[in-house]
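Coordinates in review
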Amino acid sequence: MPSNKTDAIDVRNAVKRYGDFTALKRISLTIKDNEFFTLLGPSGCGKTTLLRMIAGFEDVTEGEILLYGDEIEKLPPHQRPVNTVFQNYALFPHMTILDNVAFGLEMRGKSKADARKRAGEMLELVQLSQFAARKPSQLSGGQQQRVALARALAPQPKVLLLDEPLSALDLKLRKAMQLELKHLQRETGITFIFVTHDQEEALTMSDRIAVMSAGEMQQLGTPTEIYEQPRNMFVADFIGETNLLEVSVDQVMNGRATCHLGGGHALTCNSVDGIGEGAKVHMSVRPERLFMSDAPVEAESLKGRVAENIFVGTDISTLVDLAEGPQFIVRTSNSDRGNKRIFEPGSEIFVNMELGAGRLLMD
Amino acid sequence: MAHVNDNIKAYKGFRSITLMCLAVLYAPLLIVTIYSFNASQSITNWEGISLRWYADVFTGPESEKFKVAAFNSFTIAIIAATASTTIATLAATAMVRGGNFKLRTVSFGLISLPLMVPEIVTAVATLIFFNAIGFTRGYMTILVAHIAFCIPFAYLPISARMQGIEDSFEQAAMDLYATKRQAFTKILMPLMAPGIISGFLLAFIVSLDDFIITNFVKGAGVETLPTAIFGSVKQGIKPNIMAISTMLLSVSIVMVTISYFVSKSDNTK
């Protein structure tokens, strides 16, 4: 493969082994310039390992990592023009906030005066100028987080690596920081690689997401693609809430697949390349793309009984037991109550699927 | 549940045992200190306050001997504490930051074992060792022995401090373009400083008041303060011994106090 000078990071066949344990199984991915890219997955999926390999804290067992076309996988961390925001921030506790932010600039050979001047500007950017003379322990978690960000951005790295930086913050602060991070990324034009296990966070902030599990990449795509067209069971299950149904494919024609699930219920959805007639696979249907009615509205309406309504603020989740079939979750937005009905538990109802809502999954 | 009185003061004999322990530990020190200011020739009769025995230490018949011994003691203590602290700092860095290398537990045992070996055993062994390699006993043998047995004392506070320092600080430094060396001197060293200082002071005190090993490995005519004091006491206890002991005691108290406050101090606040 020719090296591409315009891609921020190019990971090629990267493998990481610790003794007998393989933490990363041959990962290849390309992160574009100026992209907000997220590595998403449960703990132990290898996302942090990959990030630390890009930063230089972990050796690459096999494969290459390119930064704007240059191989970096053998360089020590201090020779890589990337900076990291650590999960616990790792602010130097014996230095003032200003000195913390100036550290990277000084190590890069800037004079103390220049480094401090630029550090002061960075603190302004994250609105912490008034804390410049304090020590990290005198700041709140959210403030420390912003200092860590300023410190990592100050030397103008080519790529900024963020290792679950928001996980220690409470929900409200986390939401605010998500927006702030996104704005900072746009303002600075620096490529961000963000590691998280929080799928909502990933969907909110990212340009593209790589979903990882067990050392392998499960899917790479935009948040919309990942959410609406999950490739496999893992992605469909991990991202958002979904109904996973075991189905048999009866017929594939004109881009439509006709399937049936237990109890004789029939369902039609878009076909997927590689899944043919007779296949036994899973179908994912997002709960918000189902609605209920007291009479069948189409041939494929599924008969069932309401088991429970759960109020979740903006929505109501309804659990429906299909006659001789699995349990469905149907989500009705509270703003949609004019069009869609909520039924009392025990009601005999029909569950209907929006056109194209079902998605067949590989493996 | 029945009312449980876990107030330790309520136990029978608490007060008497406490007082007895305090008395046994501190009464001798107190008496030596008080009698060092005694005007009398006698070590038991009180004849009023005087500094004559302190003057005697510096100008009396034994003053020359004590001056040389004090010089030996303090130079040995300073050099031994410096050398052992340096070694202990490197050892702690390797032990705490070296990952899970083979024989790690064994290494830790080897470093701290001298604390548990009876000192007389170490003393005899060191003496035999010096004889075996033909090292003539004198100032240097004392110094080498002191450096060796001070290492575990310096090591403990340093490694304790270091264990509390997450390695992400050094990683962050290297991530911010610091070399390994810069990460050590600019980040790790300042964070370890309280541990290093208190390790140094502890080693200094241990060296300063060591008697058994010193007595074995010193050559004829080379004395440190403890061996010189012991030599004098053999010819009968005179009040000047109390004065010199009180002075040594104050040096110890000052060192221990500094060590305490340094280990409490926090350059991160």
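None of the values given here were measured: they were computed from a predicted structure.

**A short note on the overall build of chain B**
- In terms of regular secondary structure, chain B is built from 11 helices and 0 strands.
- Written out in order from the N terminus, the α and β elements of chain B read α-α-α-α-α-α-α-α-α-α-α.
- For chain B, the spread of C-alpha atoms along the three principal axes comes to 70 × 70 × 35 Å.
- In chain B, the share of contacts with a sequence separation of at least 24, taken over all contacts with a separation of at least 6, comes to 72%.
- For chain B, the computed accessible surface area is about 14900 Å², with 70% contributed by carbon and sulfur atoms.
- The centroid of the 19 positive side-chain charges in chain B is displaced by 2 Å from the centroid of its 14 negative side-chain charges.

**Points about the overall build of chain A**
- The secondary structure content of chain A amounts to 8 helices and 20 strands.
- Considered along the principal axes of its C-alpha atoms, chain A spans approximately 75 × 45 × 35 Å.
- Partitioning the intrachain contacts of chain A with sequence separation of at least 6 by distance along the chain shows that 65% fall at a separation of at least 24.
- Summed over all atoms, the accessible surface of chain A reaches about 15900 Å², with 48% contributed by carbon and sulfur.
- One way to put it: in chain A the 40 positive side-chain charges average out to a point 7 Å from where the 48 negative ones average out.

**A look at the interface of chain A and chain B**
- With 27 residues of chain A in contact, the opposing surface of chain B contributes 20 residues.
- Interface of chain A and chain B: buried area, both sides summed, is about 2200 Å²; carbon and sulfur atoms make up 64% of it.
- On the chain A side of the contact with chain B, A:His78, A:His94 and A:Met107 bury the most area, a combined 29% of that side's loss.
- Across the chain A-chain B interface, the total number found is 0 salt bridges.
- Counting every contact that joins chain A to chain B gives 8 residue pairs in polar contact (both at pLDDT 80 or more).
- Residue composition of the side of chain A that touches chain B, grouped by class: 15 nonpolar, 7 polar and 5 charged.

**Some words on the sheet that holds strand β16 (residues 302-312) of chain A**
Residue and element names in this part refer to chain A.
- Strand order in the open sheet made by the 5 strands is β15-β19-β16-β17-β18, with antiparallel pairing throughout. Of all strands in the sheet, those with a lone pairing partner are β15 (290-293) and β18 (327-333), marking the two edges. The sheet shows a mean angle of 45° between the axes of neighbouring strands, direction not considered.
- Examined bridge by bridge, β16 and strand β19 (residues 348-353) share 4 bridges and lie antiparallel to one another. Paired with Lys303 across the two strands is Phe350, which belongs to β19.

**Observations concerning the confidence of the model for chain B**
- Model confidence for chain B is summarised by a mean pLDDT of 88, while 96% of its residues fall at 70 or above.
- At the level of chain-chain contacts, confidence expressed as ipTM amounts to 0.81, with global pTM at 0.80.

**Re the pattern of salt bridges**
Residues and elements named next belong to chain B.
- Taken as a whole and assessed by the stated rule, the structure comprises 25 salt bridges over all chains.
- A salt bridge links Glu170 to Arg97, with the shortest nitrogen-to-oxygen separation between them at 2.8 Å. With a gap of 73 residues between them, Glu170 in helix α7 (residues 168-175) and Arg97 in helix α3 (residues 63-97) connect regions that are remote in the sequence.
- With a relative accessible area of 12%, Glu170 lands in the buried category.

**Things to note about the nonpolar core**
- Core analysis: the largest hydrophobic core is formed by 93 residues, its most contacted members being A:Ile9, A:Leu29, A:Leu39, A:Phe92, A:Phe103, A:Val159 and A:Ile193.
- Tallying contributions element by element places helix α8 (residues 180-208) of chain B first for this core, with 12 residues.
- Grouped together as the second largest cluster of nonpolar side chains are 36 residues, A:Tyr89, A:Ala115, A:Val147 and A:Ala148 included.

**Focus: the packing of aromatic side chains**
- Counted under the stated rule, the structure contains 14 aromatic pairs over all chains.
- When the ring of A:Phe57 is compared with that of A:Phe86, the centres are 5.8 Å apart and the planes differ by 35°; the resulting orientation is tilted. Highlighted residues: A:Phe57 in the loop between α1 (47-55) and β4 (62-67) and A:Phe86 in the loop between β6 (82-85) and α2 (97-107), separated in sequence by 29 residues.
- Judged by relative accessible area, A:Phe86 falls into the buried class, the value being 6%.
- A network of ring pairs unites the aromatic residues A:Phe36, A:Phe192 and A:Phe194 as a single cluster.
- Above the plane of the ring of B:Tyr177 lies A:Arg108, whose end atom (NZ or CZ) is 4.1 Å from the centre.
- For the cation-ring pair, B:Lys65 lies above B:Phe66, with the distance from its terminal atom to the ring centre recorded as 5.7 Å.

**Some words on a nonpolar patch on the surface**
- A contiguous nonpolar patch, built from B:Leu19, B:Leu22, B:Leu25, B:Tyr26 and B:Leu29 and spanning about 510 Å² of accessible area, is present on the exposed surface.
- Within the secondary structure, B:Leu25 sits in helix α1 (residues 14-35).

**Thoughts on the pairing of strand β14 (residues 280-285) of chain A**
Residue and element names in this part refer to chain A.
- In terms of strand pairing, strand β11 (residues 243-253) meets β14 through 6 bridges, oriented antiparallel. Considered in β14, the bridge of Ser248 is made with Lys280.
- Here 4 bridges tie β14 to strand β20 (residues 358-361), and the two strands are oriented antiparallel to one another. Across the sheet, residue Ser284 finds its bridge partner in β20, namely Arg359.

**Quick notes on the packing of α2(A) against helix α4 (residues 141-153) of chain A**
Residue and element names in this part refer to chain A.
- Where α2 contacts α4, the two axes come as close as 7 Å, and the packing angle between them is 30°. As summarised for this structure, α2 and α4 are arranged roughly parallel, according to the angle between their axes. The hand of the α2/α4 crossing is right-handed. Contact with α2, carried on its side by Ile97, Asn100 and Val101, involves Val147, Ala150 and Arg151 of α4 and no other residues of that element.
- In terms of residue class, the contact of α2 with α4 is made up of 4 nonpolar, 1 polar and 1 charged.

**Observations regarding the sheet that holds strand β9 (residues 208-213) of chain A**
Residue and element names in this part refer to chain A.
- If you trace the 6 strands from one edge of the open sheet to the other, you get β6-β7-β8-β3-β9-β10, paired in mixed fashion. One side of each edge strand has no neighbouring strand; the edge strands of this open sheet are β6 and β10 (216-221). Direction aside, the axes of adjacent strands within the sheet are offset by 20° on average.
- Bridge count for strand β3 (residues 36-40) against β9 is 4 bridges, and the pairing is parallel.

**A look at the packing of α1(B) against helix α11 (residues 239-264) of chain B**
All names here are of chain B.
- At a minimum axis distance of 8 Å, the contact between α1 and α11 shows a crossing angle of 120°. It follows from the interaxial angle that α1 and α11 lie oblique. Crossing angle aside, the handedness with which α1 passes α11 is left-handed. Residues Leu29, Val32, Thr33 and Tyr35 of α1 touch α11, and the partners they reach there are Met242, Ser245, Thr246 and Leu249.

The rules behind each value
- Residues numbered from 1 in each chain as written.
- Chains lettered and ligands numbered in written order.
- Predicted model: local features only at pLDDT ≥ 70, side-chain atom pairs only at ≥ 80, totals over all residues.
- Heavy atoms only, no water.
- Helix = DSSP H or I, 4+ residues; strand = E, 2+ residues; numbered from the N terminus.
- Contact = heavy atoms within 4.5 Å.
- Areas by Shrake-Rupley, 256 points an atom, 1.4 Å probe, with all protein chains shown as cover.
- Lys, Arg positive; Asp, Glu negative; His and termini not counted.
- Charge placed at Lys NZ, Arg CZ, Asp CG, Glu CD.
- Buried area = accessible area lost by both parts, 1.4 Å probe.
- Salt bridge = Lys/Arg side-chain N within 4 Å of Asp/Glu carboxyl O.
- Polar contact = N/O pair within 3.5 Å; in protein donor to acceptor, adjacent residues only side chain to side chain.
- Nonpolar A, V, L, I, M, F, W, Y, C, P; charged D, E, K, R; others polar.
- Pairing = 2+ DSSP bridges.
- Axes fitted to C-alpha atoms, helices over the stretch in contact; angles between N-to-C directions.
- pLDDT = per-residue confidence, 0-100.
- Buried < 20%, exposed > 50% of the residue type's maximum accessible area, 1.4 Å probe, protein only.
- Core = buried A, V, L, I, M, F, W, Y, C linked by side-chain atoms within 4.5 Å.
- Phe/Tyr/Trp six-rings, centres within 6.5 Å; stacked < 30°, edge-to-face > 60°.
- Lys NZ or Arg CZ within 6 Å of the ring centre and 35° of its normal.
- Patch = residues over 30% accessible without salt bridge, like charges linked within 9 Å, V, L, I, M, F, W, Y side chains within 5 Å.
- Parallel < 35°, antiparallel > 145°, perpendicular 65-115°, else oblique.
- Left-handed = near helix turned anticlockwise from the far one by under 90°.

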